[in-house]
Protein chains: 2
Amino acid sequence: MVLKMTDYREMWKNLNMDIETHDQLCKVLPQAFGDVYLSQVNQPENMAYYNTVVLNIHGIRPAELVEAQKKGVKVFGTFCVYVPDEIVFAAGGIATGLCGGSQFWVHSGEKVLPTNTCSLIKASVGARIDRTCPFFSIADIFVGETTCDGKKKAWEILNKFTQVYVMELPQQKRAKDVTAWAQEIREFLIKAEEITGNKVTVESLGKAIKLVNNKRRALQRLYSFRKLPNPPISGKDCLLVSQIAFYDDPVRFTEMTNKLCDELDQRVRDNVSVYASGAKRVLFTGTPMAIPNWKLHHIVESEMVAVVGEETCTGIRYFDNLVDESQTTLEGMIHALAERYMKINCACFTPNIARIDDIKRYVREYKADGVIDVNLKFCTLYDVEGYLLEEALKKDGITVLGLETDYSDGDFAQLRTRVEAFLEILNNC
Amino acid sequence: MVLKMTDYREMWKNLNMDIETHDQLCKVLPQAFGDVYLSQVNQPENMAYYNTVVLNIHGIRPAELVEAQKKGVKVFGTFCVYVPDEIVFAAGGIATGLCGGSQFWVHSGEKVLPTNTCSLIKASVGARIDRTCPFFSIADIFVGETTCDGKKKAWEILNKFTQVYVMELPQQKRAKDVTAWAQEIREFLIKAEEITGNKVTVESLGKAIKLVNNKRRALQRLYSFRKLPNPPISGKDCLLVSQIAFYDDPVRFTEMTNKLCDELDQRVRDNVSVYASGAKRVLFTGTPMAIPNWKLHHIVESEMVAVVGEETCTGIRYFDNLVDESQTTLEGMIHALAERYMKINCACFTPNIARIDDIKRYVREYKADGVIDVNLKFCTLYDVEGYLLEEALKKDGITVLGLETDYSDGDFAQLRTRVEAFLEILNNC
């Protein structure tokens, strides 16, 4: 399969992007993607859509957003799975993910942020200040949250370039914290109305809740194939689908993902798997893996081992739990949203015991032989929680490996050595 | 002046402390303190009290706490200037600071926390798990808060040893955040009543508010001498007084500090200063300096330059602003407490613009020739804010130096070189 990037230079120029620097970034992706993805044998045919989207990640969707803006639609850039996209869509806006995933941007971020900040935050800020990401240039407003120290302070820097609206996520999960989060959603709704000039109605919010739930349902359906004894799709491919979920048009994404699942249903009927029968199974837990972070999946799956799930924000945490669709008032819907989003168990909460229960459940459901807990370097929250998680999993007899990485490729060989040693242990279990 | 540590080994043994390891820690302090403090010429006579207290930091006050506990009094260990001591005292308890300041504990903390966590958090956790600090062993309860990522997760580890009650500090400063903080104080009051078995009354809370305000007033009086053209006391000594404020009996501390101030009044009348006339003046800003962190003050003052203030939690942030004493109901008092504590401008808030205004004001009030912004390594919050602070101060023509340090002595020579270069600039201004 040959895929090529279309030329979107005219659009990038109109977005006041730094074209020369951006060209360098564009040059890197096809090679990296080719090595990791296009080398796969037996990739489902319907992955072609995602392959094209990712190879044109700075083109296809940005062009759609620019077109929408010409019609007066406002674009909301978000960084976190706690920000309720439903509110944005209900106000007639478009929500798009903005997490910076490339090492290319890290150096730029370090101009204004401490080196010992996680790559995700450094890359996000770097992408904006260097004008080398169309999503950052397009967004009319950024929606931040108070999830971690690095992000809290990054908003103050990003706010110099694009207006940042900050939602205050509670730090605990008491009943009153859910109420406080509902109030934050209520205020965000007013902000979204102000930005878009549209009123959110019972109809539009009800429709938006279904829209986003349908995306979650499609992802849940996709991930259910990973629970099977012989998964018909690779972990790598599923990760890519999850990553694209943050950027893509939700209706099309849902349709394409369900189409992919139809193909996988057929594969199951035909007893087709991408893994050898009896392949060992690994669950990843920890910090998010934004595009093009495929390093660890590539290492594990190159060893003929299945990655059966990601308990991360670019995985199960993103689509687990639906919003109650039975509410008939705005207040009821806002509360349903608060309830659903507060069920996400991020390490930013103290304590966060339910996350450990989630992971134990995923180990059973996805039939994982072992867990690899990955921490993006300098993420204190997941780093400390990793200590508590390892302790809890070991107590239950679950084999676990803790890894730390960043966006660079410098640790590839070292990570591979550690993963190989871990898989050796799994093979001897 | 010769001071020696009394032997409190029997008490430490009864507290189930690790005596052998603790002995090693005790050996280090007198030398370090002697080098930095007892070498000073012309130290005010009334500093003798603080010298004795710090040299017996693990003895005098712990012995008092143990005695109080024998009478049924409960001890609340706290880590942060946002926790309202007034509530504890009003409930008949004793509040004591617990911040770990020694490099001695850092290694122990690293057994359970990531290396890239700030020394303060690592030392605090290390002091508890290794049983080498009587304050940590004595406390009936620890009171944490949600100020930063490292602390939020450290509570989960400390909770395995001693019950931790977490107060949720808002992350922004909108009107509703002050209300939310008042509610947290209300709930903490109930917790304090539960722990002590005593009811908080209008009388007891009113008395406690005055008690802590008086301590603040004494510190404000002390720091006012640093605003004079020829300060009668060194920055080092003032830092020590502020550090001891966290641990000492508030009534005695206030009395002793006022006594020291009386002596300073006399020095002013006699035109006695510890600095040469026209000495350059530096204001420190940034992260706290817990005992025995005297490194930077020592470096600066050894250069015959005056440290005229610390915009830190072990400085002005601790005692700036009083609680309104005119309230006559519990509700009124709780709101007055919330208002006062929310005026503290910590980098954990986003945004935190008022802190920059504070610092500009302190530069004027303390007549500082320059600012040294100090960041305790791996404190993301103050590190990022340092970038914004430097930018703002430079814009106003204020000379500023950003430094990063930790609890080790390894960077002493390097810091001295940088400080010398900075003072050279100040001298040429």
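Whatever comes next refers back to the structure up there.
I will try to describe carefully the structure that is included in this document.

Calculation notes
- Residues numbered from 1 in each chain as written.
- Chains lettered and ligands numbered in written order.
- Predicted model: local features only at pLDDT ≥ 70, side-chain atom pairs only at ≥ 80, totals over all residues.
- Heavy atoms only, no water.
- Axes fitted to C-alpha atoms, helices over the stretch in contact; angles between N-to-C directions.
- Helix = DSSP H or I, 4+ residues; strand = E, 2+ residues; numbered from the N terminus.
- Parallel < 35°, antiparallel > 145°, perpendicular 65-115°, else oblique.
- Left-handed = near helix turned anticlockwise from the far one by under 90°.
- Contact = heavy atoms within 4.5 Å.
- Nonpolar A, V, L, I, M, F, W, Y, C, P; charged D, E, K, R; others polar.
- Buried area = accessible area lost by both parts, 1.4 Å probe.
- Salt bridge = Lys/Arg side-chain N within 4 Å of Asp/Glu carboxyl O.
- Polar contact = N/O pair within 3.5 Å; in protein donor to acceptor, adjacent residues only side chain to side chain.
- Buried < 20%, exposed > 50% of the residue type's maximum accessible area, 1.4 Å probe, protein only.
- Least-squares fit on C-alpha atoms with pLDDT ≥ 70 in both.
- Expected span 1.5 Å × (residues − 1).

## Quick look at the packing of helix α11 (residues 202-224) of chain B against helix α16 (residues 330-341) of chain B
Residue and element names in this part refer to chain B.
- It is at 9 Å that the axes of α11 and α16 come closest, and there the two elements cross at 25°. Considered as vectors, α11 and α16 are oriented roughly parallel to each other. The way α11 lies across α16 gives a crossing that is left-handed. Contacts between α11 and α16 involve Val 202, Leu 205, Gly 206, Ile 209 and Arg 216 from the former and Leu 330, Met 333, Leu 337, Arg 340 and Tyr 341 from the latter.
- When the residues that make up the contact of α11 with α16 are grouped by side-chain class, the tally is seven nonpolar, one polar and two charged.

## Topic: the interface of chain A and chain B
- On the side of chain B, 43 residues touch chain A, which itself brings 43 residues to the contact.
- Sorting the residues of chain A by area buried against chain B places Asp 149, Lys 153 and Glu 168 of chain A first, and these three jointly supply 17% of that buried surface.
- Inspection of the region where chain A meets chain B yields twelve salt bridges.
- The partner of Lys 153 of chain A in a salt bridge is Glu 385 of chain B, with the nearest N and O atoms 2.5 Å apart.
- Here chain A and chain B share 29 residue pairs in polar contact (both at pLDDT 80 or more) between them.
- Ranked by the residues each element gives to the side of chain A that touches chain B, the list is headed by helix α18 (residues 380-395) of chain A, at eight residues.

## Digging into unusual backbone geometry
Residues and elements named next belong to chain A.
- With an omega of -10°, the peptide bond running from Thr 350 to Pro 351 counts as cis.
- If you check the backbone angles, Asn 271 has positive phi at about 60° while not being a glycine.
- With a relative accessible area of 64%, Asn 271 lands in the exposed category.
- Positive phi, normally seen in glycine, also occurs at Asn 321, with a value near 70°.
- Residue position: Asn 321 is located in the loop between α15 (316-319) and α16 (330-341).
- With a relative accessible area of 28%, Asn 321 lands in the partly exposed category.

## Side note on the relation of the copies chain A and chain B
- Turning chain A through 180° and shifting it by 0.0 Å along the axis lays it on chain B, with an RMSD of 0.0 Å. What we have between these two chains is a two-fold relation. Using C-alpha coordinates, one finds that chain A approaches the rotation axis most closely at Asp 149 of chain A, a distance of 3.1 Å.
- Of all interface residues in chain A, 100% are interface residues in chain B too; the two copies therefore contact each other through one and the same surface.

## Re helix α13 (residues 250-269) of chain B
Residues and elements named next belong to chain B.
- Compared with the 28 Å implied by 1.5 Å per residue over 20 residues, the 28 Å span of α13 between its first and last C-alpha is a close match.
- Along α13, the residues that are buried comprise Pro 250, Phe 253, Thr 254, Met 256, Thr 257, Leu 260, Cys 261, Glu 263, Leu 264 and Arg 267.
- For α13, the secondary structure elements touched by its buried residues are α3 (48-55), α5 (85-90), α11 and α12 (235-245).
- Looking one or two places after α13, you find Asn 271, whose phi comes out positive at around 60°.

## Things to note about the pattern of salt bridges
Residues and elements named next belong to chain B.
- A full pass over the atoms with the stated rule returns 70 salt bridges over all chains.
- For Glu 311, the salt bridge goes to Arg 355, with nearest N and O atoms at 3.0 Å. Of the two residues, Glu 311 sits in strand β6 (residues 306-311) while Arg 355 sits in helix α17 (residues 353-365), which places them 44 residues apart along the sequence. As far as the burial class goes, Glu 311 and Arg 355 line up, both buried.

Geometric descriptors of this kind do not, in isolation, establish any biological role.
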